[in-house]
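Structure assessment
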Amino acid sequence: MTELVEPPAPADPAAGPRWCDRCGESVAAGPHGACAAARALEPPRWCAHCRRRMRVQVVPTGWSAVCVEHGEIRG
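Structural notes, computed from the coordinates.

Each value, and the rule that gives it
- Residues numbered from 1 in each chain as written.
- Predicted model: local features only at pLDDT ≥ 70, side-chain atom pairs only at ≥ 80, totals over all residues.
- Heavy atoms only, no water.
- Salt bridge = Lys/Arg side-chain N within 4 Å of Asp/Glu carboxyl O.
- Helix = DSSP H or I, 4+ residues; strand = E, 2+ residues; numbered from the N terminus.
- Buried < 20%, exposed > 50% of the residue type's maximum accessible area, 1.4 Å probe, protein only.
- 1 Å grid on protein atoms, 1.4 Å probe; cavity = no way out; pocket = protein on both sides within 12 Å on 5 of 7 lines; lining within 4 Å.
- Points joined across faces, edges and corners; volume = space filled by probe spheres on them.
- Nonpolar A, V, L, I, M, F, W, Y, C, P; charged D, E, K, R; others polar.
- Pairing = 2+ DSSP bridges.
- Axes fitted to C-alpha atoms, helices over the stretch in contact; angles between N-to-C directions.

**Comments concerning the pattern of salt bridges**
For the coordinates displayed, the defined rule picks out 5 salt bridges. In this structure, the salt-bridge partner of R51 is E25, at a minimum N-O distance of 3.5 Å. Note that R51 is positioned in the loop between α1 (33-39) and β1 (55-59) and E25 in the segment before α1, a separation of 26 residues in sequence. Under the relative-accessibility criterion, E25 is labelled partly exposed at 42%.

Structural data, given as C-alpha cells:
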C-alpha cells in the first residue's frame, strides 16, 4: 500500500544551496554567471540541496519544479 509522507527538510537550510539549480554543478566550483542570467528566464532543472534532477512543468502562468526529496517550488 502506498502512503503519502511529508518530504524531509534539508539538513541545514541556513547553509544555503550546495548545487547550481540550472547546471547541477557545485556552487563552490566557481562562478555561475551564465546560469544566473539564464535562470531569469528559465525554471530550475536541478535541486539545489541534493542535486537530483527535478520534474519541471511550464505553463503560461508560471512553472513548477518538483524534487522527490525536497518537494515543490513554483515561479
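**Observations regarding the layout of surface pockets**
Roughly 240 Å³ of volume is contained in the largest pocket. Together, 18 residues line the largest pocket, and C47, A48, H49, M54 and I73 are the ones closest to its centre. For the lining of the largest pocket, the secondary structure elements donating two or more residues are β2 (62-67) and β3 (71-74). Per element, the largest residue contribution to the lining of the largest pocket is 3 residues, and it comes from β3. Partitioning the lining of the largest pocket into residue classes produces 13 nonpolar, 3 polar and 2 charged.

**Some thoughts on the sheet that holds β3**
Spatially, 3 strands are ordered β1-β2-β3 in an open sheet, and the strand pairing comes out antiparallel. Edge strands, defined here as strands with exactly one partner in the open sheet, are β1 and β3. Strand-to-strand twist across the sheet, computed as the mean angle between neighbouring axes with direction ignored, equals 15°. Inspection of the sheet shows β1 paired to β2 by 5 bridges, in the antiparallel sense. Within β2, the residue paired with V56 across the bridge is A65.

**Notes on the pairing of β2**
With 5 of 6 residues buried, β2 is to be regarded as a mostly interior element. From the end of β1 to the start of β2, which pair antiparallel, there are 2 residues. Looking at chain direction, β2 and β3 are connected through 4 bridges and run antiparallel. Following the sheet pairing, S64 is matched in β3 by R74. Here β2 folds back onto β3 in antiparallel fashion, the turn holding 3 residues.

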